[in-house]
Number of protein chains: 2
Amino acid sequence: MKISVVKNILEANDRIAQENRAIFDENGLMVFNLMSSPGAGKTSLLEKTIDALKNEVRISVIEGDIQSSQDAERIAQKDVPVVQINTGGACHLDANMIRDTFDKFNFQDLDLMVVENVGNLVCPAEFKVGEDFKVMILSLPEGEDKPSKYPLMFHESSVLLINKIDLLPYLGCDIELMKSRALKINPDLNVFEISCKTGEGLEEWYAWLKKQLKAKR
Amino acid sequence: MKISVVKNILEANDRIAQENRAIFDENGLMVFNLMSSPGAGKTSLLEKTIDALKNEVRISVIEGDIQSSQDAERIAQKDVPVVQINTGGACHLDANMIRDTFDKFNFQDLDLMVVENVGNLVCPAEFKVGEDFKVMILSLPEGEDKPSKYPLMFHESSVLLINKIDLLPYLGCDIELMKSRALKINPDLNVFEISCKTGEGLEEWYAWLKKQLKAKR
């Protein structure tokens with residue numbers, strides 16, 4: 001009984017996500033869903049990515065947080081369209097919340113929309129929002145045991161960004177083990193080792209993202 | 001409608017949590033619920049705490065993970081009773097899951113039970129399990145903006161352990177701001193700055209914990 005209720009919620013969500021996706025596709029808009037634990041570096045990645053690409057790519061952002069608008073304020077400083085969703089307690093974004101933002105954007109003037117999910121390595125992976133693909137960040141201080149403990153997000157994502165690699169000398173973390181465990185769960189993951197602080201590794205991520213945008217157009 | 005369903009689930013959980021708590025109290029067993037983001041250091045804190053206290057305190061552990069038994073295996077090496085709960089997808093432990101472990105323990109031979117929750121800064125704070133109090137860890141790399149973005153866990157916890165302070169020289173993190181933001185949400189928080197890696201600050205945490213155990217007996 002409990003399981004069937006959950007299944008109905010997920011099915012209803014998937015249906016709305018498909019409708020969102022159809023609208024994004026009609027407008028030639030590429031969307032990715034950005035997920036991670038709290039503090040892994042989602043907003044920092046967005047700031048860097050906007051700085052690097054905004055002369056060639058028209059970017060917009062949806063910020064998901066339980067409460068506060070700190071992340072939207074950070075993104076607004078980059079002078080790109082941004083909408084803050086406050087979930088009021090919910091630990092993930094769903095397709096309906098995304099649809100409720102549509103009147104705030106002019107899709108035809110955009111190439112890329114990033115949905116920054118609530119910081120949570122569990123539930124966001126279960127709820128599609130209409131995205132083309134999912135991108136997850138795992139930061140080095142979280143440890144190399146995370147792929148086997150939180151497998152769904154690794155399974156569902158197309159990209160794994162391993163962030164904060166500048167901290168490697170100060171951590172007892174085995175980055176190769178982290179990568180091999182993630183790839184064991186999802187061999188199709190595109191893995192990039194990055195530092196949003198130093199900029200290391202970000203060029204490869206930008207190049208990959210631009211390639212996807214070109215393929216979508 | 002949706003809200004009333006959630007309320008019923010929480011009420012049913014609270015009732016079972018009260019029953020659990022009554023059983024713990026009858027047996028003079030102190031229980032705390034340990035919560036944090038993934039990778040903030042819950043299991044490392046437990047390893048250190050067991051090493052420091054196990055000659056004077058009879059400790060047991062319930063490990064909560066979506067899947068895998070890596071944490072229980074780490075704790076089992078410390079030669080204390082440990083039970084692993086696999087939630088199979090659920091992002092938090094609830095009171096019923098805890099009750100299902102009772103036949104695995106002999107409560108009269110124990111002074112302290114620690115329930116290590118699923119790594120998640122959101123949902124675990126909503127579900128009581130029968131604990132005397134909640135302890136949360138926030139690790140320095142997660143950043144000083146977390147209290148205002150994930151307020152419920154700070155509000156519900158009695159103790160905030162700020163972990164990984166050995167990384168302070170390498171992070172652009174303001175630990176005083178982190179503390180003041182947490183205390184603004186919950187002025188009663190007992191805050192300890194610790195490093196499970198270097199051992200810094202842990203003596204104060206052990207002393208506090210022993211004081212609570214003495215008061216409970």
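In short, a report on the structure.

Here is what the cut-offs are and how they apply
Residue indices follow the written sequence of each chain, beginning from 1 at its first position. Starting at A for chains and at 1 for ligands, labels are handed out in the order in which the entities are written. Side-chain atom pairs in this predicted model are given and counted only at pLDDT of 80 or more, local residue features only at pLDDT of at least 70, and totals for whole chains, interfaces and linings cover all residues. The side-chain values count all of the structure's non-hydrogen atoms but skip hydrogen atoms and water molecules. Secondary structure elements are defined from DSSP: runs of H or I of at least 4 residues count as helices, runs of E of at least 2 residues count as strands, and each element is numbered from the N terminus. Using C-alpha atoms as the atom set, the radius of gyration is obtained and then compared with a globule rule of 2.2 Å times the number of residues to the power 0.38. Working definition: with a 1.4 Å probe on protein chains only, accessible area under 20% of the residue-type maximum means buried, over 50% means exposed, and in between means partly exposed. We call two residues contacting when some pair of their heavy atoms lies within 4.5 Å. Residue burial considers only the protein chains on display, and all accessible areas are found by Shrake-Rupley using a 1.4 Å probe. The fit set for superposing copies consists of C-alpha atoms from residues with pLDDT of at least 70 in both; the fit itself is least squares. The angle between two axes is taken between their N-to-C directions and runs from 0 to 180 degrees, where each axis is a line fitted to C-alpha atoms and a helix contributes only its stretch in contact. Our angle categories are set so that under 35 degrees counts as roughly parallel, over 145 as roughly antiparallel, 65 to 115 as roughly perpendicular, and the remainder as oblique. It is the rotation of the near helix from the far one that decides the hand of a crossing: anticlockwise by less than a right angle makes it left-handed, clockwise makes it right-handed. The quantity reported as buried area is the accessible area (1.4 Å probe) lost by two parts once they are put together, taken as the sum for both. For salt bridges, the criterion is a side-chain nitrogen of Lys or Arg within 4 Å of an Asp or Glu carboxyl oxygen. Each pair of aromatic rings taken from Phe, Tyr and Trp, with Trp reduced to its six-membered ring, is defined by centres within 6.5 Å and is described as stacked if the planes are under 30 degrees apart, edge-to-face if over 60, and tilted in the remaining cases. Paired strands, in this sense, are two strands between which DSSP finds at least two bridges. Each residue after the first adds 1.5 Å to the expected span of a helix. Here, the term nonpolar core denotes a set of buried Ala, Val, Leu, Ile, Met, Phe, Trp, Tyr and Cys residues that are joined through side-chain atoms within 4.5 Å.

Turning our eyes to something else, we now look at the overall build of chain A. The secondary structure content of chain A amounts to 8 helices and 7 strands. Its C-alpha atoms give chain A a radius of gyration of 17 Å, near enough to 17 Å, the size a compact globule of 217 residues would have. Taken along its principal axes, the extent of the C-alpha atoms in chain A is 50 × 45 × 35 Å. By residue count, 57% of the 217 residues in chain A fall in the buried class. Contacts spanning at least 24 positions in sequence make up 73% of the contacts within chain A whose residues lie at least 6 apart. Approximately 9,200 Å² of chain A is accessible, and the part contributed by carbon and sulfur atoms is 49%.

Turning our attention to the relation of the copies chain A and chain B. Between chain A and chain B, the superposition needs a rotation of 180° and an axial shift of 0.0 Å, giving an RMSD of 0.0 Å. Within this description, the copies of the chain are treated as partners about a two-fold rotation axis. With an isologous cut-off of 70% or more, the 100% of interface residues of chain A that recur at the interface of chain B puts this contact in the isologous class.

All names here are of chain B. Where helix α2 (residues 42-53) meets helix α8 (residues 202-216), the axes come as close as 11 Å, and the angle between the chain directions of the two elements is 65°. Considered as vectors, α2 and α8 are oriented roughly perpendicular to each other. As for the relative orientation of α2 and α8, their crossing is right-handed in sense. From α2, Leu 45, Lys 48, Thr 49, Ala 52 and Leu 53 reach across to α8, where they touch Leu 202, Trp 205, Tyr 206, Leu 209 and Lys 210.

Here we take up the interface of chain A and chain B. At the interface, 34 residues of chain A touch 34 residues of chain B. Buried surface at the junction of chain A and chain B, both sides included, amounts to about 2,600 Å², of which 53% is carbon and sulfur. The largest share of the area that chain A buries against chain B comes from A:Pro38, A:Lys149 and A:Tyr170, three residues that together contribute 23% of it. The interface formed by chain A and chain B holds 4 salt bridges in total.

Quick look at the environment of B:Asn20 now. Residue and element names in this part refer to chain B. Within the secondary structure, Asn 20 sits in helix α1 (residues 2-26). Taking the C-alpha atoms as reference points, Asn 20 and Leu 168, separated by 148 residues in sequence, lie 40 Å from one another. Setting aside chain neighbours within four positions, we find Asn 20 in contact with Ala 95, Ile 98, Arg 99, Phe 102, Val 129 and Gly 130.

Bringing the packing of aromatic side chains into the picture now. Residue and element names in this part refer to chain A. For the structure shown, the criterion picks out 21 aromatic pairs over all chains. Between Phe 105 and Phe 107 the ring centres are 6.3 Å apart and the planes differ by 15°, which places this aromatic pair in the stacked class. For the pair formed by Phe 105 and Phe 107, the shared burial category is buried. Through successive ring pairs, a cluster of aromatic residues spans Phe 32, Phe 133, Phe 192, Trp 205 and Trp 208.

The residue A:Asp79 is not glycine, and still its phi comes out positive at about 65°. Residue position: A:Asp79 is located in the loop between α3 (70-76) and β3 (82-86).

Bringing the sheet that holds strand β2 (residues 59-65) of chain A into the picture now. Consider a sheet: its strands pair through backbone hydrogen bonds, and that pairing is either parallel or antiparallel. Residue and element names in this part refer to chain A. Across the sheet, 7 strands lie side by side as β3-β2-β4-β1-β5-β6-β7; this open sheet has parallel pairing. Of all the strands in the sheet, the pair left with one neighbour each is β3 and β7 (190-193). Between one strand axis and the next, the sheet turns through 20° on average, direction left out of account. Alignment of β2 against strand β4 (residues 112-116), held across 5 bridges, turns out to be parallel. Counterpart to Ile 62 in the pairing with β4 is Val 115. The sheet strands contacting helix α2 (residues 42-53) are β1 (30-36), β2, β4, β5 (133-139) and β6 (159-163), and the helix crosses β2 at an angle near 170°. With respect to the sheet, helix α7 (residues 175-185) is in contact with β5, β6 and β7, its orientation differing from that of β7 by roughly 165°.

Quick look at the sheet that holds strand β4 (residues 112-116) of chain B now. All names here are of chain B. The strand order across the open sheet formed by 7 strands is β3-β2-β4-β1-β5-β6-β7, and the pairing between neighbours is parallel. Since the sheet does not close on itself, it has two edges, and those belong to β3 (82-86) and β7 (190-193), each with one partner. Put simply, the sheet's adjacent strands are angled 20° from each other on average, direction ignored. The pairing of strand β1 (residues 30-36) with strand β5 (residues 133-139) spans 5 bridges and is classified as parallel. Residue Asn 33 lies in a different strand from β5, and its bridge partner there is Lys 134. Where α2 meets the sheet, its contacts fall on β1, β2 (59-65), β4, β5 and β6 (159-163), and the angle it forms with β2 comes to roughly 170°.

Another point: the pairing of β1(B). Residue and element names in this part refer to chain B. Counting buried residues in β1 gives 7 out of 7 residues, a clear majority hidden from the surface. Alternating residues of β1 divide into Met 30, Phe 32, Leu 34 and Ser 36 and Val 31, Asn 33 and Met 35, and every residue in both groups is buried. Bridge analysis of β1 against β4 gives 5 bridges, and the strand direction is parallel. Among the inter-strand pairings, Met 30 is bridged to a residue of β4, identified as Leu 112.

Moving on, we get to α2(B). Compared with the 16 Å implied by 1.5 Å per residue over 12 residues, the 16 Å span of α2(B) between its first and last C-alpha is a close match. Those residues of α2(B) that sit buried are B:Lys42, B:Thr43, B:Leu45, B:Leu46, B:Glu47, B:Thr49, B:Ile50 and B:Leu53.

A few words on the nonpolar core. Counting 48 residues, the largest nonpolar core has A:Leu140, A:Leu160, B:Leu140 and B:Leu160 as its most contacted members. Breaking this core down by element, the ones donating at least two residues are β5, α6 (151-156), β6 and α7 of chain A together with β5, α6 (151-156), β6 and α7 (175-185) of chain B. Not counting the four nearest positions on each side in its chain, B:Leu140 is found in contact with B:Ile162, B:Asn163, B:Lys164, B:Ile165, B:Leu168, B:Leu171, B:Cys173, B:Ile175 and B:Met178.

Relative to the helices and strands, B:Glu142 is located in the loop between β5 and α5 (146-149). Since its relative accessible area comes to 7%, B:Glu142 is described here as buried. Between the C-alpha atoms of B:Glu142 and B:Gly64, which are 78 residues apart in sequence, the distance is 22 Å. Among residues more than four places away in sequence, those in contact with B:Glu142 are A:Pro38, A:Gly39, B:Ser37, B:Ala40 and B:Leu121.

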